[in-house]
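Fold and contact review
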Amino acid sequence: MASSRLFGAGARFSHSAIVLPAPRHRFASRRSGYAVAAKAHLNENREYVIVGGGNSAGYLAHAFAEKGLADGKLCIVAKETVPPYERPALTKAYLFPLDEKPARLPGFHTCVGSGWERQTPEWYKEKGIELLQGTTVSGLDIAASTLKTSSGDTIKYGNLIIATGCTAARLPEKIGGNLPGVHYIREVADADSLVASLVRAKKAVIIGGGYIGLEVSAATSSWNIDTTVVFPEPHVMFRLFTPSIAKHYEKFYEDRGVKFVKGPVVSKIASGSNGRVEKVELSDGTTLEADVVVVGIGAKPAIGPFVDAGLATAEGGIQVDGQFRTSVPGISAIGDVAAFPLKMYGRTTRVEHVDHARKSALHCANALLETLTDPYDYLPFFYSRVFENSKSSRKLWWQFYGDNVGESVEFGDFNNKYGAFWIDDGRLKGVFLESGSPEEFALLPKLARAQPSIDKARLQSVSSVEQALEIASKQVGSPPATAAAVG
């Protein structure tokens, strides 16, 4: 079965074609020297300034602290009023019913997602990292090496790392996109607001059939809320799932009370007499009752001030090289906003995923602090975990590695364990597995990176996931039984 690529086409070029200036480094001999020099500025720690308070910022701070280069040298400028946390929790365990011990801060501050210590406010204080919270950047002066905040303050930097992530794409206000009861999820305050709505909700409409749509609808169904998911594509997860994979998941959701409306788009969200959302009107004339609406229609990189200042762009983000250096010396960009060379596929891309947020931060730290010269060599990875609360009779956890190009071959029993390979020109390019063991999940990135030759006819004859993985693993000499546990 043919399948389209998960990533946007983008400009294609080899890594060696990217030549961006090396970063400049400004070092202070003493912390007190920075404090004196910074009196005219909002920040005191100016050697390295991170703009953004998401996953990337938290992991970058961890790397600085591990290398002993955080104390008095690092400042984080963040819109939110809490330190960085593991953002995926907001659409997963955070939305568990209240009697299911849902995730709450400080339980999932970075870097617990990687099994490291929890970076609470006290951690940043102990490490000498300056946190400027509730602060947004409105402008960048490259010549003066300063940032302007929305409140009119000035922030000085020696080296700047942009880690501003994305903002949620919103529906227009004129069709009801900002009504009370209409929710977008990017920050913990958004999740808190949604939970407050779920407590009294009876009918939910989820707009969007991607990650947010599937994760939030799984959560609302566990609250016993009548849930409908609306999206214009012919099936859920349109950019990744094949029609047959999507069919399995849609039935799984439908068996748990979730309804899908495919094809029409939202034409209006209307309020009731109390001013809160009451119904959603679709382009085909359908009207859906709703007392809570969640919009998950994508995200936009938060790069406005930096683009206005002249940083080069690509793929909707800030263009960087294999060390995450931008077109301006002394400025780097990581995480969602970075348009980087995807080395193994020879093209430029952006990746909006926590795995890349973490890895790009650590690679950037090594490049800045240890003069790392190896280019970033990322293997695309996506995953989701849903229906994990104790009331669910079955929990879903799927992972995908690689590139979904060529033809897909699916195998296994969806009620037990299901998987798919994408094969292009006789070689395995992408691997998908749901309900795998830790050893099987650990095998997937090895297969996707090795891209072994696959006999498609033989693969189509297998009856189980285990048989398919055995066929592929023999091509790379890594049988599932000896794979390391997944991290």
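Parameters at a glance
Residues numbered from 1 in each chain as written. Predicted model: local features only at pLDDT ≥ 70, side-chain atom pairs only at ≥ 80, totals over all residues. Heavy atoms only, no water. Helix = DSSP H or I, 4+ residues; strand = E, 2+ residues; numbered from the N terminus. Buried < 20%, exposed > 50% of the residue type's maximum accessible area, 1.4 Å probe, protein only. Contact = heavy atoms within 4.5 Å. Areas by Shrake-Rupley, 256 points an atom, 1.4 Å probe, with all protein chains shown as cover. Pairing = 2+ DSSP bridges. Axes fitted to C-alpha atoms, helices over the stretch in contact; angles between N-to-C directions. Right-handed = clockwise from strand over helix to strand, strands pointing away. Expected span 1.5 Å × (residues − 1). Salt bridge = Lys/Arg side-chain N within 4 Å of Asp/Glu carboxyl O. pLDDT = per-residue confidence, 0-100. Patch = residues over 30% accessible without salt bridge, like charges linked within 9 Å, V, L, I, M, F, W, Y side chains within 5 Å. Lys, Arg positive; Asp, Glu negative; His and termini not counted. Charge placed at Lys NZ, Arg CZ, Asp CG, Glu CD. Left-handed = near helix turned anticlockwise from the far one by under 90°. Nonpolar A, V, L, I, M, F, W, Y, C, P; charged D, E, K, R; others polar. Polar contact = N/O pair within 3.5 Å; in protein donor to acceptor, adjacent residues only side chain to side chain. Core = buried A, V, L, I, M, F, W, Y, C linked by side-chain atoms within 4.5 Å. Parallel < 35°, antiparallel > 145°, perpendicular 65-115°, else oblique.

1. So, the overall build of the chain
A tally of helices and strands in the chain yields 11 helices and 27 strands. For the chain, buried positions account for 55% of its 487 residues. In the chain, the share of contacts with a sequence separation of at least 24, taken over all contacts with a separation of at least 6, comes to 65%. Carbon and sulfur atoms form 50% of the exposed surface of the chain, whose accessible area is close to 19,800 Å².

2. A few points about the pairing of strand E16 (residues 292-295)
Burial along E16 is two-sided: the face carrying Val-292 and Val-294 and the face carrying Val-293 and Val-295 are both buried. In this sheet, E16 lies alongside strand E9 (residues 182-183) in parallel orientation, the contact comprising two bridges. Residue pairing across strands places Val-182 opposite Val-293, the latter belonging to E16. As defined by bridge partners, strand E10 (residues 203-207) adjoins E16 across four bridges and the pair is classed as parallel.

3. Looking at the sheet that holds strand E4 (residues 137-141)
As summarised here, the arrangement of the three strands in space is E4-E5-E6, forming an open sheet in which the pairing is antiparallel. Sheet topology places E4 and strand E6 (154-156) at the edges, where each strand pairs with a single neighbour. Across the sheet, the axes of successive neighbouring strands diverge by a mean angle of 25°, strand direction being ignored. Across four bridges, E4 lies against strand E5 (residues 146-149) in antiparallel orientation. When the sheet's bridge partners are listed, Asp-141 is paired in E5 with Thr-146.

4. Observations regarding the pairing of E10
Residues in a regular strand point their side chains to alternate faces of the sheet. Across the five residues of E10, four count as buried, placing the element largely inside the fold. This β-α-β element, E10 to helix H5 (residues 211-222) to strand E11 (residues 226-231), shows right-handed connectivity.

5. Let's talk about helix H9 (residues 438-450)
The end-to-end C-alpha distance of H9 is 19 Å, a good match for the 18 Å that 13 residues give at a rise of 1.5 Å each. Here the buried face of H9 lies against strand E24 (396-402), strand E26 (417-424), strand E27 (427-434) and helix H11 (465-476). Positive backbone phi, at 50°, marks Gln-451, one or two positions downstream of H9.

6. Overview of the pattern of salt bridges
Using the criterion set out here, one finds 25 salt bridges in the structure. The salt bridge involving Asp-99 is made with Lys-391; its shortest N-O contact spans 3.4 Å. Separated by 292 residues along the polypeptide, Asp-99 in the loop between strand E2 (74-77) and helix H3 (121-126) and Lys-391 in the loop between strand E23 (381-386) and E24 bring together distant segments of the chain. Residue Asp-99 is classed as exposed on the basis of its relative accessible area of 56%. By relative accessible area, Lys-391 is classed as partly exposed at 48%.

7. A closer look at the confidence of the model for the chain
Any region with low pLDDT has predicted coordinates that should not be read closely. For the chain, per-residue confidence averages 90 on the pLDDT scale, and 90% of positions sit at 70 or higher. Per-residue pLDDT stays below 50 along residues 7-38; that stretch engages in 82 contacts with residues further than four places along the chain or on separate chains. Scored below 50 in pLDDT, residues 480-487 makes 19 contacts in the model with residues more than four places away or belonging to other chains.

8. As for a negative patch on the surface
A contiguous patch of negative charge on the surface is contributed by Glu-66, Glu-117, Glu-122 and Glu-126. Here Glu-126 is to be found in helix H3.

9. Observations concerning the packing of helix H2 (residues 55-66) against helix H8 (residues 354-370)
Contact geometry for H2 and H8: axes closest at 8 Å, N-to-C directions at 35°. Crossing of H2 against H8: the hand is right-handed. Contacts from Asn-55, Ser-56, Tyr-59, Leu-60, Ala-63 and Phe-64 of H2 reach H8 at Val-354, Ala-357, Arg-358, Ser-360, Ala-361, Leu-362, Ala-365 and Leu-369. Its residues placed into classes, the contact of H2 with H8 shows 10 nonpolar, three polar and one charged.

10. Quick look at the side chain of Glu-100
With respect to the secondary-structure elements, Glu-100 resides in the loop between E2 and H3. Among buried Asp, Glu, Lys and Arg side chains, Glu-100 stands out as unpaired, with Lys-391 the closest opposite charge at 4.8 Å. A polar contact of 2.7 Å, which involves the side chain of Glu-100, links it to the side chain of Ser-390. Apart from the residues within four sequence positions on either side, Glu-100 is in contact with Asn-389, Ser-390 and Lys-391.

11. Quick word on the nonpolar core
Ranked by internal contacts, the top residues of the largest apolar core, which has 125 residues, are Leu-147, Phe-241 and Phe-421. When near neighbours in sequence (up to four residues on either side) are disregarded, Phe-241 contacts Leu-214, His-235, Val-236, Ala-246, Tyr-249, Trp-398 and Phe-432. Leu-179, Val-182, Val-266 and Leu-288 belong to the second largest nonpolar core, which has 19 residues in total.

12. Points about the packing of H9 against H11
When two helices pack together, you describe them by how their axes are tilted relative to each other and by the distance separating the axes. Taken N-terminus to C-terminus, the directions of H9 and H11 make an angle of 50°; their axes are 10 Å apart at the nearest point. Between H9 and H11, the angle falls in the class oblique. Seen from above, H9 lies across H11 with left-handed handedness. Here Glu-440, Leu-443, Leu-444, Leu-447 and Ala-450 of H9 come into contact with H11, specifically with Glu-466, Leu-469, Ala-472, Ser-473 and Val-476. Considered class by class, the residues forming the contact of H9 with H11 number seven nonpolar, one polar and two charged.

13. So, the sheet that holds strand E15 (residues 287-289)
Read across the sheet, three strands follow the order E13-E14-E15 without closing on themselves; strand pairing throughout is antiparallel. With partners counted over all chains shown, the strands left at the sheet margins are strand E13 (266-271) and E15, one partner each. With strand direction ignored, the average angle separating the axes of adjacent strands in the sheet is 20°. Pairing geometry for strand E14 (residues 277-282) and E15, over three bridges, is antiparallel. Opposite Lys-279, over in E15, you have Glu-289 as the bridge partner.

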